[in-house]
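# Descriptive analysis of the structure
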Amino acid sequence: MSLIKNRLVLSFLTLLSFSLISAQEITETKEAVPIDHKKLILQGNIVYLPIYPNNVISSKRRVLSDLIDIKNKEEFNAKWNNQKFNPYWDESLSFPFQLTFHDKNFSSPVSRKMVVTSRYGWRRGRPHRGIDIDLQTGDSVRSILDGKVRYVGYHGGHGKTIVVRHYNGLETVYAHLSKILVKKNDEIKKGNVIGKGGVTGNARGSHLHLEVRYHGKSINPEYLFEFTKDTKIRSDVLYVTKKWATPRFHRSTKKSKIIIHKSIDDITLLEEQKKKIYTVKKGDTLHRIANKYGLAVAEICKTNSIRYNTVLKIGQQIIIN
């Protein structure tokens, strides 16, 4: 499967190079010289796209827009499967990866005020891979973006479930439903009612369990969307790091501090800023320090070359990265 994926990436990059050369020929007579370059990560490959002055940008903007559309179509059609909840189970995902949105807003998945009762993160010793939004059994559940229904069915702890794939490759999961109102392969618009809320599966009280996934990997929904009355998509372009796709870096009882990465440079700068020296105090343990900084104990051990069962000493300095 990785060979097929690499061929798709190679084909896209080849088309990208050819199209950029063609666009350069179109504007060559205007002595178009790039004033900067923008980094994009496409399936784990770094591509540098030239940025041109406004007076010669129009033809190139159209070319780049077409290329992004081609990439999105490939993402949309990849591993389309109506039988499997996660058709990407055998695929690894490289971080960071880029997501693009054409919309500025999403549709609220519920008709009432959105109240998040449990967040993405570690919960009762297990990963909670989505957010829970309050509703009553029988309330309408709506698709948050345009897309196509890829999966409907009863899926383990999720109960009655709908998976909608969107045109940037993202998928949203709507779980614990009492009734499903759409069929596989139905095309839907954001705001369309797709089901009714309920308590099916492993649910404690009626609520909507909403997940956001990319190539089978869950993403903290609050990193992408503002679940307020404004229903804003946080950015038209953003990069997802491992932190925002790993529940153990978050707590289900507390909203994580949202820092959006709009470029590779944003990520690099943040990583530099995160490096700290922590001085061990009385009562500190590796678990307590890891929880304080939203890290895994294994990460702290690796960074500091210490063992999992190391006894910390007061005054000892620990690198927090």
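For the structure itself, consult the block above.
In what follows, the accompanying structure is described. Source: prediction; values computed, not measured.

## Let's talk about the overall build of the protein
Secondary structure assignment for the protein yields 6 helices and 18 strands. Taking all contacts inside the protein whose residues are at least 6 apart in sequence as the whole, residues at least 24 apart take part in 66%. When the accessible area of the protein is evaluated, it comes to approximately 17400 Å², of which 51% is carbon and sulfur surface.

## Some thoughts on the pairing of strand 7 (residues 131-134)
In this structure, strand 4 (residues 116-118) lies alongside strand 7, joined through 2 bridges in antiparallel fashion. Counterpart to Val 116 in the pairing with strand 7 is Ile 133. Here 4 bridges tie strand 7 to strand 14 (residues 207-214), and the two strands are oriented antiparallel to one another. Paired with Ile 131 across the strands is Leu 210, a residue of strand 14.

## Looking at the nonpolar core
Formed by 39 residues in total, the largest nonpolar core has its most connected members in Leu 99, Leu 224 and Phe 225. Looking at this core element by element, the count peaks at 4 residues for strand 14. Ignoring anything within four residues of it in the chain, the contact list for Phe 225 reads Phe 101, Phe 106, Ile 144, Leu 145, Leu 170, Val 212, Lys 232, Ile 233 and Arg 234.

## Structural notes on helix 6 (residues 297-304)
Here helix 6 has its buried residues at Val 297, Ile 300, Cys 301 and Asn 304. For helix 6, the buried positions fall inside an angular range of 100 degrees around the axis, keeping them on one side. Among the exposed residues of helix 6, those pointing more than 90 degrees away from its buried face are Ala 298 and Lys 302. Each element contacted by the buried residues of helix 6 is listed here: helix 5 (286-292) and strand 18 (317-320).

## A few points about the environment of Val 240
The topology assignment puts Val 240 in strand 16 (residues 237-240). Relative accessible area serves as the criterion here: at 0%, Val 240 is assigned to the buried category. Along the chain, Val 240 and Phe 97 lie 143 residues apart, while their C-alpha atoms are 5.4 Å from each other. Aside from chain neighbours lying at most four places away, what touches Val 240 is Phe 95, Pro 96, Phe 97, Leu 99, Ile 219, Tyr 223 and Ala 245.

## Some remarks on the pairing of strand 14
For strand 14, a buried count of 8 out of 8 residues is recorded, marking the element as mostly surrounded by other parts of the structure. Pairing analysis gives 6 bridges linking strand 11 (residues 170-180) to strand 14, with the strands arranged antiparallel. Bridge pairing in strand 14 places Val 173 opposite Glu 211. Between the antiparallel neighbours strand 14 and strand 15 (residues 217-219) lie 2 residues, among them His 215 with a positive phi of about 50 degrees.

## Looking at the pattern of salt bridges
In total, this model carries 10 salt bridges according to the counting rule given. Lys 79 is the salt-bridge partner of Asp 90, the closest N and O atoms lying 3.1 Å from each other. Residue Asp 90 is found in the loop between helix 2 (57-77) and strand 3 (97-100), and its partner Lys 79 is found in the loop between helix 2 and strand 3; the two are separated by 11 residues along the sequence. With relative accessibility at 23%, the residue Lys 79 sits in the partly exposed group. Ionic pairing is found between Asp 186 and Lys 183, a salt bridge with its closest N-O pair at 3.8 Å. What makes Lys 183 exposed here is its relative accessible area of 57%. Several salt bridges converge on common partners, so that one network encompasses Lys 79, Asp 90 and Glu 91.

Parameters at a glance
Residues numbered from 1 in each chain as written. Predicted model: local features only at pLDDT ≥ 70, side-chain atom pairs only at ≥ 80, totals over all residues. Heavy atoms only, no water. Helix = DSSP H or I, 4+ residues; strand = E, 2+ residues; numbered from the N terminus. Contact = heavy atoms within 4.5 Å. Areas by Shrake-Rupley, 256 points an atom, 1.4 Å probe, with all protein chains shown as cover. Pairing = 2+ DSSP bridges. Core = buried A, V, L, I, M, F, W, Y, C linked by side-chain atoms within 4.5 Å. Buried < 20%, exposed > 50% of the residue type's maximum accessible area, 1.4 Å probe, protein only. Arc of directions from axis to C-beta. Salt bridge = Lys/Arg side-chain N within 4 Å of Asp/Glu carboxyl O.

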